[in-house]
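Coordinate inspection notes
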Amino acid sequence: MIFFIGFRELFYQIWLLLFFCLIGCQQAKVSSNLVSEEDLKQLRKIDVHAHYKYPRSYLPNFFKRWNMKAMLVDVAIEQGDSIVKNFDNYLTHYELLPELFYLCTTFTAKGIDSPDYIDKTIAQLKSNIAQGARMVKVWKNFGMVTKDSKGNYIQIDDQRLNPIWDFLVENKITVLAHIADPEQAWRPLEDPNNPHYNYYKSNPQYHAYNFPEIPSYETIIGARDQWVKNNPDLKIIAAHILSMSNDIDAVAQRLEAYPNLSVELGARFGDLAMQDSEKVRIFFDKYQDRILFGTDYGTGEAEYQKSSEALLAEAKNLEERYQLLFDYLTKQDSMVLRKQQTKGLALSKSVLEKIFSKNYLKFLTRSN
Ligand SMILES: [Zn+2]
């Protein structure tokens, strides 16, 4: 009996020892895989979703210090009968610093019923590509804003748009697709801690909940999925983690279903931070070839319109915001991101290399 109890205790102690050893080894493995600050600085980075519409004197050094380039992404915003675009601003900035930037143009579905809509749109894209555009953005005005001559909202899977997708496939141009918004846009604003609360509070015009005539989240997401499926040869980078960043299982489902799809992270780190870090880390490891770093950061007004103090504050703020995203991806510490208490993902150097640049560079060699 004494021998039996002793044996059981011994067995229990050995089991405990093995258990803690295993946990310790896992921890040590993660710690030893962490990239150093110096490694992080040197990793080649491409912010594939940025809106640096206006130059800044501090930007070239800033980008060089982080070994980073950025994609300048134009957006077409409908205001009444007119469309506001900023392609010329982005083109000027790109031509000023071609070593720092890539260029992305855009188009809308406004006038889709005009007999010359397709010819005109393709001519505009051809001209922008000749000027240096490597990518084309489609924005949430597909689905949420633009209507055809019958007054119906034009969804992204509308068959009338097919010649444009065929043109982009032929010319090996990737599409950056921001279709729909986070599900929160269709829900009442109740939780001030939700990562999107402030945006919809200060931009009520985009809070779809206030506009029942806007098609539902499910309708727009359904059309988006159908479009991705209908165009298997079109390379699509879904901006903002597919507008379903609050549910990485739903994102994984789409990545499994559609081989032509990748996702971009811009402005959705708060949603990731709400989910279990270990689960998110596994998602990043599993889809490391399909995830691209992006921020949605930019400059909204010309440098001369800002005081030197405001410019200093802007540069400091930008540095802090990039640093926080890099911390989340590279460290394993506890941190607060968009009001969410979370833990860093501690991604390995090889995963980071892909997310930061290699995945995008693959698109470039496949395209132009
Ligand atoms: Zn954007």
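Notes on the structure in this doc start here.

1. Quick look at the coordination of the zinc ion
Protein coordination of the zinc ion is provided by His49 (NE2), His51 (NE2) and Asp296 (OD), with donor distances spanning 2.1 to 2.2 Å. The class of Asp296 is partly exposed, set by a relative accessible area of 29%.

2. So, the packing of helix α10 (residues 248–257) against helix α12 (residues 277–286)
Across the interface, α10 lies against α12 with an axial gap of 11 Å and an inter-helix angle of 15 degrees. Here α10 lies roughly parallel to α12, going by the angle between them. You can see that α10 and α12 cross each other, and the crossing is left-handed. Side by side, α10 and α12 meet where Ile248, Asp249, Val251, Ala252, Leu255 and Glu256 of the first sit next to Lys279, Val280, Phe283 and Lys286 of the second. Grouping the amino acids of the contact of α10 with α12 by side-chain chemistry returns six nonpolar, no polar and four charged.

3. Topic: the sheet that holds strand β1 (residues 45–52)
The parallel open sheet is built from nine strands, whose spatial order is β10-β9-β8-β7-β6-β5-β2-β1-β11. The outermost strands of the open sheet, each flanked by one partner alone, are β10 (291–292) and β11 (298–299). One ladder, built from four bridges, connects strand β6 (residues 133–138) with strand β7 (residues 174–177); its direction is parallel. Looking at the pairing, Val136 lines up with Val175 of β7. On top of the sheet, helix α4 (residues 87–96) reaches β1, β2 (68–73) and β5 (101–106); it is set at about 165 degrees to β5, its chief contact. Along the sheet, helix α5 (residues 117–130) contacts β5 and β6; its crossing angle with β5, the most-contacted strand, is approximately 175 degrees.

Cut-offs and rules
- Residues numbered from 1 in each chain as written.
- Predicted model: local features only at pLDDT ≥ 70, side-chain atom pairs only at ≥ 80, totals over all residues.
- Heavy atoms only, no water.
- Donors = N, O, S within 2.8 Å, 3.2 Å for Na, K, Ca; no water.
- Buried < 20%, exposed > 50% of the residue type's maximum accessible area, 1.4 Å probe, protein only.
- Axes fitted to C-alpha atoms, helices over the stretch in contact; angles between N-to-C directions.
- Helix = DSSP H or I, 4+ residues; strand = E, 2+ residues; numbered from the N terminus.
- Parallel < 35°, antiparallel > 145°, perpendicular 65-115°, else oblique.
- Left-handed = near helix turned anticlockwise from the far one by under 90°.
- Contact = heavy atoms within 4.5 Å.
- Nonpolar A, V, L, I, M, F, W, Y, C, P; charged D, E, K, R; others polar.
- Pairing = 2+ DSSP bridges.

Keep in mind that these numbers describe shape and distance, not what the molecule does.
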